[in-house]
Amino acid sequence: MKDFNVKGVGVALVTPFDKQGNVNFIGLEKLINHVIDGGVDYLVCLGTTSEYPTLTERERIAIKEFIIETNNNRVPIVLGMGGNNTTELINHITKMDYHGISAVLSVSPYYNKPSQKGLAEHFRLVASSCPLPVIIYNVPGRTGGNISAETTLKLAEECPNIVAIKEASGNMTQCMEILRQKPKGFELLSGEDALTLPLMSMGAKGVISVTANAMPKQVSEMVNLASKDNCKKATLIHNQLLPLTNALFEEGNPSGVKSALEVLGICQNNVRLPLSKISKTLHNKIQSLIKEIN
């Protein structure tokens, strides 16, 4: 199994689309170079922010291969691989070509609303089937179910290649319980940009970020400062970014961050249904906030 350092900033890459709704690989190349030049530690390919459910299997393969090629071994790549049909997911995991991939991010099963027992059994199978380090992803607001601290800690103890959890529950008590009891070698990552600094002050080791698509330098600097216990300077950046971060999620993700990327000249703010573009009012607000930061 490859070693993978989960610490720092991972960026959950968007998938740029052109006006016709096709994948815009020119925009994707610009985005990859933008975030790597901005200092992020790793790329997250085909996560929620990529609009994964609206992509065809052919598009997913093409995007994965393009990211690997464009990255050219500059930073590690984490591949999103999740689903609510465990058997189908395990089959997908065992057949995947992991060339150029350093780790896997696997979201909690959605819609089915499994019990904690079902979640534990699901992730045990994911871990035992995957040849790479696994980051589990808890995002109850999207999946309809929460991975409890007890279940997370049990998986961390039992499965050596489950190396971290991306926590996007917003439940600080739950996060603190994981951080208090986690075994050595297992880390908690923020799954919500606005909570990155508060969680790092309690022991989290970084973030898988949406905001870093647009502001990689600032997010990376904040996380780097926080990792060195320089919370005073990190707080200045956190407070500078917070209005923008809140605005990016105001009318849905990734619609908001794609609007920011359009302002920055990286790609257009096109999304696929059932998502829609943000309002003109919010777009103008995001534009003003970016000007203030830059």
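Structure first, text after, so check above.
Thresholds applied
Residues numbered from 1 in each chain as written. Predicted model: local features only at pLDDT ≥ 70, side-chain atom pairs only at ≥ 80, totals over all residues. Heavy atoms only, no water. Helix = DSSP H or I, 4+ residues; strand = E, 2+ residues; numbered from the N terminus. Contact = heavy atoms within 4.5 Å. Salt bridge = Lys/Arg side-chain N within 4 Å of Asp/Glu carboxyl O. Buried < 20%, exposed > 50% of the residue type's maximum accessible area, 1.4 Å probe, protein only. Pairing = 2+ DSSP bridges. Right-handed = clockwise from strand over helix to strand, strands pointing away. Core = buried A, V, L, I, M, F, W, Y, C linked by side-chain atoms within 4.5 Å. Polar contact = N/O pair within 3.5 Å; in protein donor to acceptor, adjacent residues only side chain to side chain. Axes fitted to C-alpha atoms, helices over the stretch in contact; angles between N-to-C directions. Parallel < 35°, antiparallel > 145°, perpendicular 65-115°, else oblique. Left-handed = near helix turned anticlockwise from the far one by under 90°. Nonpolar A, V, L, I, M, F, W, Y, C, P; charged D, E, K, R; others polar.

Right, let's get into the environment of Leu-125. The residue Leu-125 is located in helix α4 (residues 116-129) in this model. As for Leu-125 and Thr-87, which are separated by 38 residues in sequence, their C-alpha atoms are 9.1 Å apart. For Leu-125, the residues in contact, after removing those within four places along its chain, are Thr-86 and Ile-90.

Attention now goes to the pattern of salt bridges. Tallying each qualifying case throughout the model produces eight salt bridges. Measuring nitrogen to oxygen at the nearest pair gives 2.6 Å for the salt bridge that ties Lys-258 to Glu-51. Of the two residues, Lys-258 sits in helix α11 (residues 255-263) while Glu-51 sits in the loop between β2 (42-45) and α2 (57-71), which places them 207 residues apart along the sequence. Here Lys-258 and Glu-51 have matching classes, each one buried. The salt bridge involving Glu-65 is made with Lys-64; its shortest N-O contact spans 3.0 Å. Using a relative accessible area of 4% as the deciding quantity, one classes Lys-64 as buried.

The next point concerns the pairing of strand β1 (residues 8-12). Of all five residues in β1, five are buried, a share of seventy percent or more. Direction of pairing for β1 relative to strand β8 (residues 206-209): parallel, over a ladder of four bridges. Paired with Gly-10 across the bridge in β8 is Ile-208. Across three bridges, β1 lies against β2 in parallel orientation. Bridge pairing links Gly-10 to Tyr-42 in β2. Each parallel crossover has a hand, and the one from β1 via helix α1 (residues 25-37) to β2 is right-handed.

Where a strand is regular, its side chains alternate between the two sheet faces. Counting buried positions along strand β4 (residues 103-107) gives five out of five residues, so the element sits mostly inside the fold. Side chains Ala-103, Leu-105 and Val-107 project from β4 onto one buried face, and the interleaved Val-104 and Ser-106 project onto a second face that is buried too. Relative to β4, strand β3 (residues 77-80) is paired through three bridges, and the arrangement is parallel. Looking across to β4, one finds that Leu-79 is bridged to Val-104. For the crossover from β3 across helix α3 (residues 86-95) to β4, the handedness is right-handed. Sheet topology places β4 next to strand β5 (residues 134-138); four bridges connect them, and they run parallel. Its bridge partner being in β5, Ser-106 is matched across the sheet by Ile-136. Between β4 and its parallel partner β5, the chain crosses via α4, and the hand of that crossover is right-handed.

Judged by nonpolar contacts, the single largest core of 84 residues is most densely connected at Leu-43, Ile-67, Tyr-98, Ile-162 and Ile-286. Leave out the neighbours within four places in its chain, and Ile-67 touches Leu-13, Leu-28, Ile-32, Leu-43, Cys-45 and Ile-77. Among the nonpolar cores identified, the runner-up in size contains 17 residues, and Tyr-42, Val-78, Leu-105 and Ala-168 belong to it.

All right, on to the side chain of Asn-253 then. Along the chain, the position of Asn-253 falls in the loop between α10 (231-248) and α11. The class for Asn-253 is buried, based on a relative accessible area of 12%. Polar side-chain contacts of Asn-253 include one of 3.1 Å to the side chain of Thr-49. The contacts of Asn-253, once residues within four sequence positions are left out, are Thr-49, Arg-142, Val-210 and Leu-275.

Quick look at the packing of α1 against α2 now. Orientation of α1 relative to α2, taken along the N-to-C sense of each, is 45°, at an axis distance of 10 Å. Here α1 is positioned oblique relative to α2, judged by the angle of their axes. Crossing angle aside, the handedness with which α1 passes α2 is right-handed. In this structure, α1 contributes Phe-25, Leu-28, Glu-29, Ile-32, Asn-33 and Ile-36 to the contact, and α2 contributes Ala-62, Ile-63, Phe-66, Ile-67, Thr-70 and Asn-71. In terms of residue class, the contact of α1 with α2 is made up of eight nonpolar, three polar and one charged.

By themselves, these figures tell us nothing about what the structure is for.
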